[in-house]
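What the coordinates show
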Amino acid sequence: MSPGSSRIRNVFEPMEREEVAKLWNERFSIPVEVFSGFLFFRKARSVWAISESDLPRLSYESLGMRIMSLKDRPWKPTTSALQIFGKHAARNLIHLDEHEATLFLQGESIPLTMKIQSGLESGYVVVFYRGEVLGCGLYSHGKLISQIPKSRRMADTGERVDIDDIGCL
Amino acid sequence: MDPLERYREIVPDYSGFRAIQSLPLYSSGRINLLKIERASLLESLKAHEVGYKIFDWYPLGLKLDIESPGKLMENLLGYLHIQEELSMVPPLILDPQPGERILDLCASPGSKTSQISQMMQNKGLVIANEPSLARVAPLRSNCERLGVMNVAITRYDGRRFPHGPFDRILVDAPCSSEGRERRGPGVLARSSINRSLDLQKLQIGLLKNALRLAKPGGVVVYSTCTYAPEENELVVETALSEARLEKISIPGLKECPGITVWSGRQMDESLRRCARYYPHINDTGGFFVARLIKN
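Source: prediction; values computed, not measured.

**A few points about the overall build of chain A**
A count of helical and extended segments in chain A gives six helices and 11 strands. Here chain A holds 169 residues, and the buried ones make up 48% of them. Long-range pairs, those at least 24 residues apart, make up 58% of the contacts in chain A between residues at least 6 apart in sequence.

**Overview of the pattern of salt bridges**
Side chains that differ in charge, positive against negative, can pair when their charged atoms come close. Residues and elements named next belong to chain B. Evaluated as defined, the whole model comprises 23 salt bridges over all chains. Here Glu-100 makes a salt bridge to Arg-168, at a shortest N to O gap of 2.6 Å. You can see Glu-100 sitting in the loop between helix H4 (89–94) and strand S5 (101–104) and its partner Arg-168 sitting in strand S8 (residues 166–172), a full 68 residues away along the chain. Here Glu-100 falls in the buried class, since its relative accessible area comes to 15%. Overlapping salt bridges, with partners in common, bring together Glu-84, Arg-180 and Arg-183 in one network.

**Some thoughts on the pairing of S5(B)**
Residues and elements named next belong to chain B. By the bridge criterion, four bridges tie S5 to strand S6 (residues 125–129) in an arrangement that is parallel. Counterpart to Leu-103 in the pairing with S6 is Ile-127. Assessed by its sense of winding, the connection that carries the chain from S5 through helix H5 (residues 111–119) to S6 is right-handed. Sheet topology note: the S5/S8 ladder contains three bridges and is parallel.

Thresholds, definitions, all that
Residues numbered from 1 in each chain as written. Chains lettered and ligands numbered in written order. Predicted model: local features only at pLDDT ≥ 70, side-chain atom pairs only at ≥ 80, totals over all residues. Heavy atoms only, no water. Helix = DSSP H or I, 4+ residues; strand = E, 2+ residues; numbered from the N terminus. Buried < 20%, exposed > 50% of the residue type's maximum accessible area, 1.4 Å probe, protein only. Contact = heavy atoms within 4.5 Å. Salt bridge = Lys/Arg side-chain N within 4 Å of Asp/Glu carboxyl O. Pairing = 2+ DSSP bridges. Right-handed = clockwise from strand over helix to strand, strands pointing away.

Read these as spatial facts, not as claims about activity.
In structure tokens:
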């Protein structure tokens, strides 16, 4: 790896709010105003959001919440970020019943009925249950594939997997 | 040697103190207002038939009648955070306000960090410092699960955290953790005066740097979960040329005053303003908290 690329990987670089808000608006029709009051940074292939304030000059390990990954196309929202911003979504969202929500929280894939699928585009979707956001799902070929991180799944055996959690969204 | 014996002189109702050490501590959690309203969380627990009792002293704290509270849906979704009862005290004593700049010098796993963030309604900035890379992972994952948006994590040695100023600083110092015996039996077996004296050097270094980093008139809260005066009053005493102590009192939670005599030595009278929490008095763990105002 060249010294140049390693620098880019390890530094938080400021991002324009509009740039981030536009992506979320295009996919989920989340109003761009939802993102005012936050600062955005890119580090390696992740985007981070932190409440607006004067940030002192320090060497940071993280800045607020990691909200999306740009590693693959399409970009992927984190479950944590959807639980904050996803409630404002008007498109590419899905409401589950109790049985489906349980499966989703256990990290399972769920076959969807035709009725639920209407209006959904393939890709990442905001998953709701009783009006609350559960997290990120991947909708593909009539199936909803849970993207809930291992450490936050309901069938969790009690073992801590926090460190794995850092690697997967 | 019995590590608690040396506290016979300072702990009220010493036999009660001894007896409760072998009784396991109940589970407890804090309602996370960053993600849910209090009434909705309580309804959700009722719907899932989880028994709870609200703390006498803190409306967001709950004793939970359940074996693996970490597996609760409410915890996984970040509506509730599993946190020991007395661990909720230091943020209340710190009293952070929305918009301020706060330093949490020894932050992992982030229970107090996220409580501070909640008190600030996600506004302003909390620097959560944690030198150990392995301990940054749970700190980050707890903050993200709880919907914390105003925390930035750094990894400095707390004794050398470079610069402030901060409105308020929490030093929840690494300690011998004697007050955690009810949670993890065996803690006491590893405790000794020598270990406390080793930790004291680190604790004094952390508190000294915190006082340097606070703005004049700023608040520094020093806390541990141990009974050892070497790690508590004797640490705080070293700061009294740069700061004054304010009395700690939380309605509904009984504290004992800090001690002013130890090993035959008279210490500063104002150390009485520190708070000692003993397990047999409130049916909790053990804790020590001091609130300092920088000159």
